[in-house]
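# Residue-level structure breakdown
Single-letter residue listing:
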Amino acid sequence: MAKVPRNFRLLEELEKGEKGIGDGSCSYGLEDGDDIMMSNWNGTIIGPGHTVHENRIYSLKITCGNDYPNSPPKVQFLSRVNLPFVNQTNGEVHPDKIAVLSAWTRDKSIESVLVEIRSSAVPQQPSNTHANKHKALILGGGVAGIIATRTLHRQGINDFLIIEARDGLGGRLHSTAFAGNHTVELGANWIQGTQSGNGPINPILTLARKHGLKTQASNFYGSMKTFDKTGEEDYLEVFNTSVDAFEKLTIKSGERLERNLVDLTAKSTYDLLGYNPRDDHQRAAEYFNFDWEYAQTPAQSSSIATSKNSNFTYNPEAGGFSDDNLLSIDPRGFKWFIQQEARTFIRPRHLRLNTLVKTIRWSTKGVAAILEDGSSISAD
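What comes next concerns the included structure. Because the structure is a prediction, the values reported are computed rather than measured. (Residues numbered from 1 in each chain as written. Predicted model: local features only at pLDDT ≥ 70, side-chain atom pairs only at ≥ 80, totals over all residues. Heavy atoms only, no water.)

### Quick word on empty space enclosed by the protein
Rules: Put plainly, a pocket is an open set of points on a 1 Å grid over the protein atoms alone with protein on both sides within 12 Å along at least five of seven lines, a cavity is a set where a 1.4 Å probe fits but cannot get out, and a lining residue has an atom within 4 Å of a point. Grid points are joined across faces, edges and corners, and a volume is the space filled by probe spheres set on the points. In the scheme used here, Gly and all other residues not listed as nonpolar or charged are polar, with Ala, Val, Leu, Ile, Met, Phe, Trp, Tyr, Cys and Pro taken as nonpolar and Asp, Glu, Lys and Arg as charged.
Counted by the stated rule, this structure contains 1 cavity of 30 Å³ or more. Empty space within the largest cavity amounts to approximately 50 Å³. Lining of the largest cavity is provided by Ile45, Gly47, Pro48, His53, Tyr58, Phe77, Val81, Leu83, Ile117, Arg118 and Ala121. The residue makeup of the lining of the largest cavity, split by class, is 8 nonpolar, 2 polar and 1 charged.

### A closer look at the packing of aromatic side chains
Using the following cut-off: Ring pairs are drawn from Phe, Tyr and Trp, using the six-membered ring of Trp, whenever the two centres fall within 6.5 Å, and their geometry is named by plane angle: stacked under 30 degrees, edge-to-face over 60, tilted for the rest. In this text, helices come from DSSP runs of H or I with a minimum length of four residues, and strands from runs of E with a minimum of two, each type numbered from the N-terminal end. Only protein chains enter the accessibility calculation, which uses a 1.4 Å probe. A residue is then buried if its area is under 20% of the maximum for its type, exposed if over 50%, and partly exposed in between.
Per the stated rule, a full pass over the model turns up 12 aromatic pairs. An angle of 10 degrees between the planes, with centres 4.9 Å apart, marks the rings of Phe288 and Trp292 as stacked. Of this pair, Phe288 and Trp292 are both found in helix α8 (residues 280–294), 4 residues apart, which corresponds to roughly one turn of the helix. A relative accessible area of 25% means that Phe288 is categorised as partly exposed.

### Remarks on helix α6 (residues 236–258)
So the rule is basically this: Under the convention used throughout, the expected extent of a helix is 1.5 Å for every residue step, that is, one less than its residue count. Any two residues whose heavy atoms approach within 4.5 Å are treated as being in contact.
Taking 1.5 Å of rise per residue, 23 residues should cover 33 Å, and α6 covers 33 Å from first to last C-alpha, within 8% of that figure. Every buried residue belonging to α6 is among Phe239, Ser242, Ala245, Phe246, Leu249, Thr250, Ser253, Gly254 and Arg256, and all of these are buried. Residues of α6 that are buried sit in contact with α7 (266–272), α8 and α9 (303–314). Once α6 finishes, Asn260 follows within two positions and takes phi at roughly 55 degrees, a positive value.

### Some thoughts on the environment of Glu92
Considering the arrangement of structural elements, one finds Glu92 in the loop between β4 (74–77) and α2 (99–102). By relative accessible area, which is 41% here, Glu92 ends up partly exposed. With 16 residues separating them along the chain, Glu92 and Gln76 place their C-alpha atoms 4.1 Å apart. Leaving out residues up to four positions away in the same chain, Glu92 has contacts with Val75, Gln76, Phe85, Val86 and Asn87.

### Some words on the sheet that holds strand β2 (residues 40–46)
Strands belonging to one sheet form pairs held by backbone hydrogen bonds; the direction of such a pair is parallel or antiparallel. The line we're drawing: At least two bridges found by DSSP between two strands are what make those strands a pair. Every axis in this analysis is a line fitted to C-alpha atoms, fitted for helices over the stretch in contact. Angles between the N-to-C directions lie between 0 and 180 degrees.
The antiparallel open sheet is built from 4 strands, whose spatial order is β1-β2-β3-β4. Sheet topology places β1 (26–30) and β4 at the edges, where each strand pairs with a single neighbour. The average undirected angle you get between the axes of adjacent strands in this sheet is 25 degrees. Bridge analysis of strand β3 (residues 57–63) against β4 gives 4 bridges, and the strand direction is antiparallel. Along β4, the bridge assignment pairs Lys61 with Gln76. Where helix α1 (residues 6–19) meets the sheet, it contacts β1 and β2, and its direction lies at approximately 130 degrees from that of β1. Against the sheet, helix α3 (residues 110–120) touches β1, β2, β3 and β4, its axis set at about 145 degrees to β1.

Structural measurements only, silent on function.
See below:
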């Protein structure tokens, strides 16, 4: 198999770096755009969550010698960092202490080096760090998992373990750095439904205020622009018709709930209301109002559950909060508030990060989570 010449290979890496790597936690580019040998590169790593490096931005210098990619690049931290594989005098990464460098092959890249360095910044958890048996297992470190854990803690149950596939807590609250020091949310972005008068308050808002999350009132439906395949195209009337149809769906489904009638799909309820999107604009409007919010189509969704979700969020008369929305604009990311709440009761022994659960088994004797590596952790 023919080997790709050095400069062609580095051009490929440059193009990929300019497009962005994964979730944006690592990035790289040429130090000097006029460097025709493409030898000197800048790299950036955002510290992994729930570690001492969380949200810190580290700058690195990567040098690709004349024998690259047959030989690994040299890597040096320009930012001060305390890691066991970094020389504390000059910031150089010890190649023999990072597998991607010590066992280098041509298929590795600048990206794979940065990604492994970042993952190596997460403290490794020896197999005996966590007992294999606990009172409770919490699968997933999102909002639901953390609040469930807090409930256990408040009941005096502290023999629990959170198993999380990512390298930090937050779940759908997941952000990345963009264009320097800007933060872009990759998941949830709004506190939907806040509080009406002295009525019930959204518990997410309570936590956001407690931990100083920066938000901005968001006129969600009053600041829309519509586009189609030709570019910007004003079909807001079609969009507003879709909004009205969704509101009628929640009312109709609420009536069925009160009368103990059988549930329907949201699509069937739309049909009963005479709402049947036919052209591209109508389908796009329905997608935005339904699929985008619920991550599935009306044909896949319970009409009554859709009504409950909407009413219990936005309608105070139905037990909801309000129809206000707050947009997270915090540079620390929307996840900040739940990570700070977790720190009040979760300790390192309670966490198993970067761990994927493949199967769950249960019986009258307890439950076991079977991990990707074939090992298992059990609980009562």
